[in-house]
Amino acid sequence: MMLFEKLERDERTFAAGGQVAGIWLGITHVLLAGVIFYRLYILGQPDEELRDVQTILAISLFGHMITQLFLGGLLPVPTWRGMIVGYGVLAGTIASVCLAIYGVPEAAQWQNTWLPTLVGPALFIGLYRLVAWLGRRRIESLIGD
């Protein structure tokens, strides 16, 4: 006895399902980030009380990006020039925001101030390029077979 009509699955239904899932995941990420900012800056909760939620959001965001990059192979692989520009934008934005909020840091505190500001974006962009390149290579090998 059949309770539902069987739906014929093809490329369009798979693509639509993936698109819906991606959109909804993005909406929930934005909502969760909004809740974190609300609790931190409106309610004034300490950062330590939200560390678990921040960690879950970071794992979800970066995990989604990495799986999209590697399994999908659809996101662009940046050129060296694109990596330099992206690094400049990320490091400049982070440095500007930190300088506006905290002021100029003491030279003795460079390990806690300038080092993460300058190395973090480089690691992020380098990892992005590596995973995007591996994903592109994976897709090209699948198409070539």
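Everything here concerns the structure above.
Residues numbered from 1 in each chain as written. Predicted model: local features only at pLDDT ≥ 70, side-chain atom pairs only at ≥ 80, totals over all residues. Heavy atoms only, no water.

Student: I keep staring at helix α4 (residues 114-144) and nothing clicks. Help me out?
Tutor: Within an α-helix, residues lying three or four positions from one another point in the same direction, as the helix has 3.6 residues per turn. With 31 residues, α4 should reach 45 Å at 1.5 Å per residue; the first-to-last C-alpha distance of 45 Å fits that figure. Buried-residue contacts for α4 involve α2 (51-72) and α3 (80-102). (Helix = DSSP H or I, 4+ residues; strand = E, 2+ residues; numbered from the N terminus. Expected span 1.5 Å × (residues − 1). Contact = heavy atoms within 4.5 Å.)

Student: Where do I start with the pattern of salt bridges in this structure?
Tutor: In this structure the tally under the stated criterion is 1 salt bridge. Measuring nitrogen to oxygen at the nearest pair gives 2.5 Å for the salt bridge that ties Asp47 to Arg51. Among the residues examined, Asp47 registers a relative accessible area of 28% and is labelled partly exposed. Classification of Arg51 as partly exposed rests on a relative accessible area of 43%. (Salt bridge = Lys/Arg side-chain N within 4 Å of Asp/Glu carboxyl O. Buried < 20%, exposed > 50% of the residue type's maximum accessible area, 1.4 Å probe, protein only.)

Student: Would you mind showing me how to read the packing of aromatic side chains here?
Tutor: What characterises a pair of aromatic rings is the spacing of the ring centres plus the angle enclosed by the ring planes. One pass over the full model with this rule turns up 2 aromatic pairs. For the pair Phe37 and Tyr41, a centre-to-centre distance of 5.9 Å together with 20 degrees between the ring planes defines the contact as stacked. With a gap of 4 residues between them, Phe37 and Tyr41 both fall in helix α1 (residues 11-42), about one helical turn apart. For Tyr41, a relative accessible area of 62% corresponds to the exposed category. Positioned above the aromatic ring of Trp80 is the side chain of Arg129, whose terminal nitrogen or guanidinium carbon lies 5.0 Å from the ring centre. (Phe/Tyr/Trp six-rings, centres within 6.5 Å; stacked < 30°, edge-to-face > 60°. Lys NZ or Arg CZ within 6 Å of the ring centre and 35° of its normal.)

Student: For this particular structure, what's the right way to read the layout of surface pockets?
Tutor: The gaps left among the atoms become clear once a water-sized probe is rolled over them. Of the pockets and cavities examined, the largest pocket occupies roughly 620 Å³. The set of elements that each furnish at least two residues to the lining of the largest pocket consists of α1 and α2. For the lining of the largest pocket, the element with the highest residue contribution is α2, accounting for 7 residues. For the lining of the largest pocket, a count of residues per class yields 12 nonpolar, 1 polar and 2 charged. What the second largest pocket holds in volume is close to 230 Å³. Contributing to the lining of the second largest pocket are Ile94, Ala95, Cys98, Leu99, Tyr102, Gly103, Pro105, Asn112, Thr113, Trp114, Pro116 and Thr117. Counting residues per element, the ones that place at least two in the lining of the second largest pocket are α3 and α4. (1 Å grid on protein atoms, 1.4 Å probe; cavity = no way out; pocket = protein on both sides within 12 Å on 5 of 7 lines; lining within 4 Å. Points joined across faces, edges and corners; volume = space filled by probe spheres on them. Nonpolar A, V, L, I, M, F, W, Y, C, P; charged D, E, K, R; others polar.)

Student: Help me understand the packing of α1 against α2 in this model?
Tutor: For any two helices packed against each other, one specifies the inter-axial angle together with the distance between the axes. Two elements in contact, α1 and α2, have axes whose closest approach is 11 Å; the angle formed by their N-to-C orientations is 150 degrees. As far as their axial angle goes, α2 and α1 are roughly antiparallel. Judged by the sense of rotation from one axis to the other, the crossing of α1 with α2 is left-handed. Taking contact as the criterion, the partners of Leu25, His29, Leu32, Ala33, Ile36 and Leu40 in α1 are, on α2, Val53, Gln54, Leu57, Ser60, Leu61 and His64. Of the residues in the contact of α1 with α2, the class split is 8 nonpolar, 4 polar and no charged. (Axes fitted to C-alpha atoms, helices over the stretch in contact; angles between N-to-C directions. Parallel < 35°, antiparallel > 145°, perpendicular 65-115°, else oblique. Left-handed = near helix turned anticlockwise from the far one by under 90°.)

Student: Sorry if this is basic, but what is going on with a nonpolar patch on the surface here?
Tutor: Taken together, the side chains of Leu61, Phe62, Ile66, Leu90, Ile94, Phe124, Leu127, Leu130 and Trp133 define a hydrophobic patch exposed on the protein surface, amounting to about 760 Å² of accessible area. The set of elements that each furnish at least two residues to the nonpolar patch consists of α2, α3 and α4. Ranked by residues supplied to the nonpolar patch, first place goes to α4 with 4 residues. The topology assignment puts Ile66 in helix α2. Its relative accessible area of 39% is what places Ile66 among the partly exposed residues. (Patch = residues over 30% accessible without salt bridge, like charges linked within 9 Å, V, L, I, M, F, W, Y side chains within 5 Å. Areas by Shrake-Rupley, 256 points an atom, 1.4 Å probe, with all protein chains shown as cover.)

From the geometry alone we can't say anything about function, so treat these as descriptive.
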